[in-house]
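# Summary of the model geometry
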Amino acid sequence: MIVMDAAALQGFLAQEFAQVVEDFVVERADEAGVCLRLRVQDKHLRPGGTVSGPAMFGLADVAMYLAILSRIGPVALAVTTNCSLDFMRKPGAGVDMLAEARVLKLGRSLAVGDVMLFSEGMAEPVARAGLTYAIPPAR
């Protein structure tokens, strides 16, 4: 069940993560998961004009965080405990990136999910991430 929609997630980012909110747009939040857009800028590129690994990690991490929050509500202190990222192909040049995040298991203290990263306009994913998050106990 979704408790935060795309607008609520975007608002949460603006309130809690003002330092990066301009980089991301929540495209969709529904039962299937969250689609998050990285507005690719020069600061996200590495030499050769391709999107850097750290920028792709950030996209995957924020997308999974928001997918979890879409189900549990605004828990700012949920944190990444593990991430494995597989780079599969070079991202497209000069286009935004999209992350399709889905929660595979949501427990009381841990959430597990996966994220597929795409360059806008490309059908094949450029990377895949598996993430685990720790959810703080309710107070």
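Now for a look at the structure at hand. (Residues numbered from 1 in each chain as written. Predicted model: local features only at pLDDT ≥ 70, side-chain atom pairs only at ≥ 80, totals over all residues. Heavy atoms only, no water.)

## Examining the nonpolar core
Stated formally: Residues enter a nonpolar core if they are buried and are Ala, Val, Leu, Ile, Met, Phe, Trp, Tyr or Cys, with the set joined through side-chain atoms within 4.5 Å. Note on classification: 1.4 Å probe, protein chains only; a residue is buried when its accessible area is under 20% of the maximum for its type, exposed when over 50%, partly exposed between these limits. Secondary structure elements follow DSSP: runs of H or I of four or more residues count as helices, runs of E of two or more count as strands, with numbering from the N terminus. Any two residues having at least one pair of non-hydrogen atoms within 4.5 Å are treated as being in contact.
Residues Met64, Leu66, Val115 and Leu117 are the most contacted members of the largest nonpolar core, which totals 40 residues. Listed by contribution, the elements that provide at least two residues to this core are helix H1 (6–16), strand S1 (24–30), strand S2 (33–38), helix H2 (53–72), strand S6 (97–106), strand S7 (110–119) and strand S8 (127–134). Take this core: its biggest share by element is 12 residues, from H2. Not counting the four nearest positions on each side in its chain, Leu117 is found in contact with Met56, Leu59, Ala60, Leu85, Met97, Leu98, Ala99, Pro125, Val126 and Ala127.

## Overview of the side chain of Asp96
Here is the rule we go by: Polar contacts, as counted here, are pairs of nitrogen or oxygen atoms within 3.5 Å of one another; within protein the pair requires one atom able to donate a hydrogen and one able to accept it, and residues that are adjacent in sequence qualify only if both atoms are side-chain atoms.
Summarising the element assignment, Asp96 is placed in the loop between strand S5 (79–87) and S6. Only 3.1 Å separates the side chain of Asp96 from the side chain of Arg37, close enough to count as a polar contact. Contact partners of Asp96, with chain neighbours within four places excluded, come to Arg37, Leu38, Arg39, Val40, Phe118, Ser119 and Glu120.

## Notes on the packing of aromatic side chains
Rule in force here: For Phe, Tyr and Trp, rings pair up if their centres lie within 6.5 Å, where Trp contributes its six-membered ring, and each pair is then called stacked (planes under 30 degrees apart), edge-to-face (over 60) or tilted (otherwise).
Per the counting criterion, the structure on display carries four aromatic pairs. Ring centres 6.1 Å apart and planes at 50 degrees place the aromatic pair Phe12 and Tyr65 in the tilted group. Taken together, the positions of Phe12 in helix H1 and Tyr65 in helix H2 put the pair 53 residues apart, joining distant regions of the chain. In this pair, the class of Phe12 matches that of Tyr65, namely buried. With a centroid separation of 5.9 Å and 25 degrees between ring planes, the pair formed by Tyr65 and Tyr133 is classed as stacked. With Tyr65 in helix H2 and Tyr133 in strand S8, this residue pair connects regions lying 68 residues apart in the sequence. You can call Tyr133 buried: its relative accessible area is 2%. Ring-pair connections join several aromatic residues into one group, and the members of that group are Phe12, Phe17, Tyr65 and Tyr133.

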